Amino acid sequence: SGQDEPRPYWLSTSSNALVRQVLERHALTLQPVFESLLEGGSVARELDDSVVLDEIADDPNALFSLLVFSGYLKARQIQGDPERSPPYQLSIPNLEVRQVYATTFQRWMEARLKGHGGSLEKLTRALLEGDAETLEEQLQAFVTNLLSYQDTGAVDPEGVYHGFVLGLLAAMEPAYRVRSNRESGQGRPDVTITAKESGKPAAVLELKVARKGRKTPTKALAEGEKQIRERGYEAELLAAGASVVRAFAVAFDGKRVWVRGVERAKAKRGKR
């Protein structure tokens with residue numbers, strides 16, 4: 001076309017159904033990408049202007065082309081190697097479209113919870129109230145239902161973690177900021193949840209993987225608790241205006257979840 005920026009040709013209610021369906025299908029594998037996008041960042045991708053609809057459900061690359069040409073992502077061309085297709089920097093164009101993504105992932109997480117008696121409202125309340133017992137129940141409902149929808153061999157522990165963070169990000173923003181430390185060398189980064197308004201509770205989660213024969217749930221929880229204590233999250237969060245810091249160590253093996261509340265200085269006592 002000779003244009004530097006691909007232009008959307010349709011953005012309508014009728015397109016939402018297809019976009020939501022495909023996003024939900026790829027929620028686990030594309031979590032890091034959409035976490036960055038929902039945080040206001042951008043990602044580099046190549047685009048194909050001859051998208052075949054039959055390929056979209058199974059091809060994440062085709063999905064990005066669909067999202068650009070249907071107006072759900074904005075593409076800015078980046079100068080690159082002329083011998084290759086020029087990459088584009090993709091970002092969410094506006095708040096209206098961001099809401100489509102947020103409600104899609106929130107609905108996806110709610111469906112995973114409700115399937116086994118869970119509730120997104122109960123989960124987020126447990127996080128902010130320091131209720132480790134209820135948080136464990138809700139996370140167990142999420143994981144159990146997630147595995148019933150997916151081929152269990154295709155859902156690794158990292159995928160379960162990714163889906164959880166993406167759902168929280170969609171459900172708790174904009175009142176709360178949900179961030180995961182993707183730079184962590186541990187492979188299972190920590191998650192912080194902070195309110196935009198000062199004087200509200202904040203939460204920290206350290207997620208660990210327990211594998212039968214390699215690491216017991218008790219050991220995984222102990223590692224998570226140790227990291228929370230050593231990293232001193234509460235000082236930073238309290239200085240930023242949090243009224244109290246709720247801290248949790250979470251261990252999971254893809255099928256089972258265990259949560260331990262970690263008592264912090266200056267924090268009110270939770271159930272555990």
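In what follows, the structure referred to is the one given above.
Thresholds, definitions, all that
Residues numbered from 1 in each chain as written. Predicted model: local features only at pLDDT ≥ 70, side-chain atom pairs only at ≥ 80, totals over all residues. Heavy atoms only, no water. Pairing = 2+ DSSP bridges. Helix = DSSP H or I, 4+ residues; strand = E, 2+ residues; numbered from the N terminus. Axes fitted to C-alpha atoms, helices over the stretch in contact; angles between N-to-C directions. Buried < 20%, exposed > 50% of the residue type's maximum accessible area, 1.4 Å probe, protein only. Core = buried A, V, L, I, M, F, W, Y, C linked by side-chain atoms within 4.5 Å. Contact = heavy atoms within 4.5 Å.

Asks: It is not clear to me how the sheet that holds strand 2 (residues 74-77) should be interpreted in this structure. Could you clarify?
Replies: In any sheet, the strands associate via hydrogen bonds between backbone groups, in a parallel or an antiparallel arrangement. The sheet built from three strands is open, its strands ordered 1-3-2 with antiparallel pairing. Looking along the sheet, the strands with just one partner apiece sit at the ends: strand 1 (43-45) and strand 2. The mean angle between the axes of side-by-side strands here comes to 35°, regardless of whether they run parallel or antiparallel.

Asks: Help me understand the pairing of strand 7 (residues 245-252) in this model?
Replies: It is a general feature of regular strands that their side chains alternate between the two faces of the sheet. Of all eight residues that make up strand 7, eight are buried, and the element is covered over most of its length. Taken together, the eight bridges between strand 6 (residues 202-209) and strand 7 define a ladder with parallel strand orientation. Each residue of the ladder has a partner; that of Leu205, found in strand 7, is Phe248. In this structure, strand 7 lies alongside strand 8 (residues 257-262), joined through six bridges in antiparallel fashion. Along strand 8, the bridge assignment pairs Phe248 with Gly261.

Asks: Can you help me understand the nonpolar core in this one?
Replies: One recurring pattern in soluble globular proteins is that nonpolar side chains are buried together. By size, the foremost hydrophobic cluster in this structure holds 66 residues, and its most contacted members are Phe34, Tyr101, Phe164, Ile193 and Leu205. No other element matches helix 8 (residues 157-172), which puts nine residues into this core. In this structure, Phe34 is in contact with Leu23, Phe64, Leu67, Tyr101, Phe105 and Leu166, ignoring residues within four places of it in sequence. Of all hydrophobic cores here, the second largest spans 15 residues; its members include Ala210, Ile228, Leu237 and Ala249.

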